[in-house]
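Coordinate inspection notes
Letter by letter, the chains look like this.
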Amino acid sequence: MKKLQLLPVGNPDPRLLEWLRQSLADKFRVRAEILADTLDPTFAVHTERQQFHSSEIIAAVQPHINRDTWRLLAITERDLYIPILTFVFGEAQMGGPCGVVSAHRLRQEFYGLSPNSEILQERLRKEAVHEIGHTLDLTHCDDYQCAMAPSHAVEWIDLKDSGLCSSCRARVRVS
Ligand SMILES: [Zn+2]
Ligand SMILES: [Zn+2]
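Below: a short report on this structure. (Residues numbered from 1 in each chain as written. Chains lettered and ligands numbered in written order. Predicted model: local features only at pLDDT ≥ 70, side-chain atom pairs only at ≥ 80, totals over all residues. Heavy atoms only, no water.)

Some points on the environment of Ala-149
Structurally, the position occupied by Ala-149 is in the loop between helix H3 (117-135) and helix H4 (154-159). Classification of Ala-149 as buried rests on a relative accessible area of 5%. It is 8.8 Å that separates the C-alpha atoms of Ala-149 and Thr-139, two residues lying ten residues apart in sequence. (Helix = DSSP H or I, 4+ residues; strand = E, 2+ residues; numbered from the N terminus. Buried < 20%, exposed > 50% of the residue type's maximum accessible area, 1.4 Å probe, protein only.)

Have a look at this one:
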């Protein structure tokens, strides 16, 4: 049986990673594992921006795909960007199999607020489901509560659910 594989990129919090693994296994009803491999994202840094190019990270995770891979999601706490945007929460290959999500801007501390692990976990799960949704060929959804709604700020993420709306769900077999 193929697995959802999480690839740590640049030392993300192991407890957060394990929480996400369990949560995504339940959500997608698949086996999920954290790969023993890791990826050092230094090659993708843009020194002036102090950010990491998400498309370059997606290219670099390709060699980590193996015969057990259903979907491969890279998890990082580094700040991601693509050149036309100031930042991205994540990026994925439409139709799969790889994506990347960042917890960097999902932490309350990033906005000068007190740390809150539950808020962080919920946001990360929503963005992980969103990027996995893209790898399952889902495009952005007009339902602002659907995990496939686009988010350009955490306030938008907080409005979303970690699940898919009925029309997105009908397009993939996901709980
Ligand atoms: Zn998207
Ligand atoms: Zn939807």
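Structure shown, so let's carry the discussion forward.
Focus on the coordination of the zinc ion (ligand 2)
As a benchmark, a tetrahedral metal site with four donors has ideal angles of 109.5 degrees, while an octahedral site with six donors has ideal angles of 90 or 180 degrees. The coordination sphere of the zinc ion (ligand 2) contains the protein donors Cys-141 (SG), Cys-146 (SG), Cys-165 (SG) and Cys-168 (SG), at a distance range of 2.3 to 2.4 Å. Classification of the site at the zinc ion (ligand 2) as tetrahedral follows from its four donor atoms and the range of 106 to 113 degrees in their angles at the metal. The motif formed by the donor residues of the zinc ion (ligand 2), counted along the single chain, is C-x4-C-x18-C-x2-C. Highlighted residues: Cys-141 in the loop between H3 and H4 and Cys-165 in the loop between H4 and helix H5 (166-171), separated in sequence by 24 residues. A single burial state applies to Cys-141 and to Cys-165, both of which are buried. (Donors = N, O, S within 2.8 Å, 3.2 Å for Na, K, Ca; no water. Tetrahedral: all angles 85-135°; square planar, octahedral: opposite > 155°, others 65-115°.)

A word on the sheet that holds strand S1 (residues 3-9)
Across a sheet, strands are paired by hydrogen bonds formed along the backbone, either parallel or antiparallel in direction. Strand order in this open sheet of five strands is S2-S1-S5-S8-S7, and the pairing throughout is mixed. Single-partner strands in this sheet number two, and they are strand S2 (31-34) and strand S7 (90-92). Strand-to-strand, the axes of this sheet are offset by a mean angle of 20 degrees, without reference to chain direction. The pairing of S7 with strand S8 (residues 98-102) spans three bridges and is classified as antiparallel. Within the sheet, the bridge partner assigned to Glu-91 lies in S8 and is Val-100. Relative to the sheet, helix H2 (residues 54-61) contacts S1, strand S5 (69-76), S7 and S8, its axis offset from that of S8 by approximately 135 degrees. This element, H3, spans S1, S5, S7 and S8 of the sheet and lies at about 160 degrees to S8. (Pairing = 2+ DSSP bridges. Axes fitted to C-alpha atoms, helices over the stretch in contact; angles between N-to-C directions. Contact = heavy atoms within 4.5 Å.)

Comments concerning a nonpolar patch on the surface
Side chains of Phe-110, Tyr-111 and Leu-113 sit close together on the surface and give an oily, nonpolar patch of about 270 Å² of accessible area. Along the chain, Tyr-111 turns up in the loop between S8 and H3. (Patch = residues over 30% accessible without salt bridge, like charges linked within 9 Å, V, L, I, M, F, W, Y side chains within 5 Å. Areas by Shrake-Rupley, 256 points an atom, 1.4 Å probe, with all protein chains shown as cover. Salt bridge = Lys/Arg side-chain N within 4 Å of Asp/Glu carboxyl O.)

Some details on helix H1 (residues 14-28)
Compared with the 21 Å implied by 1.5 Å per residue over 15 residues, the 21 Å span of H1 between its first and last C-alpha is a close match. Turning to H1, its buried residues are Leu-16, Leu-17, Leu-20, Arg-21, Ser-23, Leu-24, Ala-25, Lys-27 and Phe-28. Buried residues belonging to H1 abut S1, S2, S5 and H3. One side-chain oxygen at the N-terminal end of H1 lies 2.9 Å from the backbone nitrogen of Arg-15; it belongs to Asp-13. Downstream of H1 by a residue or two, Arg-29 has a phi angle that is positive, lying close to 50 degrees. (Expected span 1.5 Å × (residues − 1). Polar contact = N/O pair within 3.5 Å; in protein donor to acceptor, adjacent residues only side chain to side chain.)

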